[in-house]
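Fold and geometry: a report
Below are the chains, spelled out letter by letter.
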Amino acid sequence: MSRAGALTCWLLMLSCHVALAHPAYEGATGFCGGLLHPLLVPAHALAVSGAGLLVGLQPARRRLPAVAAFAAALALGFGAMMLAFAPQTAGLVLLAATVLCGALAALARPVPVVPGGALALVAGAALALDSPPSGISVAVANITLLGTFCGALVLLAAVAGLTAKLAHGWRRLGVRILGSWIAAVALMALAARLAR
Amino acid sequence: MRSLRSGLLVLVLALVPDAPLLAHAGDGAGGFLGGLAHPVLGPDHVAAMVAVGLWGAFLGAPAIYVLPIVFPLVMALGGVAGMAGLPLPGTEAAIAVSAVVLGAMVALAARPPIWLAAAVVGAFAVFHGYAHGAELPAGGDALAYSLGFVAATGLLHLAGIGLGLAVRWPVGRLGVRGAGAAIACAGIVFLWRLA
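Residues numbered from 1 in each chain as written. Chains lettered and ligands numbered in written order. Predicted model: local features only at pLDDT ≥ 70, side-chain atom pairs only at ≥ 80, totals over all residues. Heavy atoms only, no water.

1. Here we look at empty space enclosed by the protein
Test applied: Put simply, the grid is 1 Å and covers the protein atoms alone, a cavity is a trapped set of points that fit a 1.4 Å probe, a pocket is an open set with protein on both sides within 12 Å along at least five of seven lines, and lining residues have an atom within 4 Å of a point. Grid points are joined across faces, edges and corners, and a volume is the space filled by probe spheres set on the points. Secondary structure elements follow DSSP: runs of H or I of four or more residues count as helices, runs of E of two or more count as strands, with numbering from the N terminus. Gly is placed with the polar residues, together with every amino acid not listed as nonpolar (Ala, Val, Leu, Ile, Met, Phe, Trp, Tyr, Cys and Pro) or charged (Asp, Glu, Lys and Arg).
Counted under the stated rule, the structure contains one cavity of 30 Å³ or more. Size it by volume and the largest cavity reaches roughly 30 Å³. Forming the boundary of the largest cavity are A:Ile177, A:Trp181, B:Pro68, B:Gly154, B:His157 and B:Leu158. When contributions to the lining of the largest cavity are tallied by element, the ones reaching two or more residues are helix H8 (170-195) of chain A together with helix H7 (142-164) of chain B. With three residues, the top contributor of residues to the lining of the largest cavity is H7(B). Of the residues contributing to the lining of the largest cavity, the split by class is four nonpolar, two polar and no charged.

Here it is as structure tokens:
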């Protein structure tokens, strides 16, 4: 190879970056990076918030099964991710689940256990499969996924707990209005992605 | 000659911007701030949104929360139609008419059944959403943009509700009805400008 060719290759290598599904944040790998992932990626924060509002508005006996279904689906999704299964449609499914969660939260009606559990399963699995870690090494990637698992669960539990505490009187109306906003935003984002 | 070509190639490659390849665009015209500004910078949108809040407050429960819940949900459906490029003629005129009708409802202290009030608000929400959706900048971050304009719409509703709470007092009631009349007049001006 000529000197100019070698220099060209070197410059090309210098100018390339990793292709990322989401904007990169400082230190966004490893456990802490994964932990912050559901908070820092707007679509994920919206999805977990919508699911949290819906769970928090349910009667107390229906909250735990929904959270358990969400956690199980997250774990299964991350397991699939470790086996290099990452479907391109996960983001679309996550937005569709967010629309449903937001709209059901706006309605503020009790959701039966089976459909509610199914929705939690779909949301959890889609969230996991839409969270490919950017770490190059397998060990770092797995730790990042573990962080994302914990972050998503903590955020869900926090939003659900806060909603359950606030879901009385005029504050319940605020929660319902927030649910309608989440559904509207997710529907628009879903339509934009499908239109492209 | 060959070394000159190689040198030029190296120079061109060195000048290639090395921005990272991201699936999501950052903020800008199509980001959160763009979405937030869109309803706020359109006086016809602002008038209609504030009128929705005023009317909800005027009607009291359950309209005070049903209308702000119905509006964004139906508005999003209109936004989907706008993004999909479905034809919806007379959008700008319908937005101006929404200010006239909703302002008049407040000015006349109209008290229709809640389903009718929700249907009226929902029908106009389609046109507002269509305008927002159709004007989503190409290549923009749709989620951030939607988040911006839904938040702006909701905050304008809340502003209307806040002002509308003055109906508890006789003077406040007159003031709210006067605000409704002003919004209806502004809607007539918007319509006149379109003609």
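Let's pick the thread back up.
2. Notes on the side chain of B:Asp44
Residues and elements named next belong to chain B. Quick reminder of the rule: Classification of residues uses two cut-offs on accessible area relative to the type maximum, computed with a 1.4 Å probe and protein chains only: under 20% is buried, over 50% is exposed, and between them is partly exposed. Positive: Lys, Arg. Negative: Asp, Glu. His and the chain ends are not part of the count. Put simply, a salt bridge is a Lys or Arg side-chain nitrogen that is within 4 Å of an Asp or Glu carboxyl oxygen. The contact rule is simple, with two residues in contact once any of their heavy atoms fall within 4.5 Å.
Checked against the element boundaries, Asp44 lands in helix H3 (residues 43-59). Buried within the structure, Asp44 lacks any salt-bridge partner; Arg193 is the closest side chain of opposite charge, at an N-O distance of 8.6 Å. Residue contacts for Asp44: discarding those within four places in its chain leaves Glu92, Ile95, His128 and Phe190.

3. Thoughts on helix H3 (residues 42-57) of chain A
Residues spaced three or four apart along an α-helix point in a common direction, a consequence of the helix completing one turn every 3.6 residues. This is how it is decided: Every helix has an expected span of 1.5 Å times one less than the residues it contains.
With 16 residues, H3(A) extends 22 Å from end C-alpha to end C-alpha; this agrees with the ideal 22 Å at 1.5 Å per step. Burial of H3(A) is extensive: 14 of the 16 residues sit out of reach of the surface.

4. A few points about a nonpolar patch on the surface
Residue and element names in this part refer to chain A. Going by this rule: Only residues whose relative accessible area exceeds 30% and that take part in no salt bridge are eligible for patches, with like-charged residues grouped when within 9 Å of each other and nonpolar side chains (Val, Leu, Ile, Met, Phe, Trp, Tyr) grouped when within 5 Å. Each accessible area value is a Shrake-Rupley result obtained with a 1.4 Å probe; residue values ignore everything except the protein chains displayed when judging cover.
On the surface, Phe31, Leu35, Leu36, Leu39, Leu40, Ile143 and Leu146 cluster together to form a nonpolar patch covering roughly 580 Å² of accessible area. Every element with two or more residues in the nonpolar patch is listed here: helix H2 (30-40) and helix H7 (138-166). Broken down by element, the nonpolar patch gets its largest block of residues, five residues, from H2. Here Ile143 is to be found in helix H7.

Remember, this is a structural readout, not a statement about activity or role.
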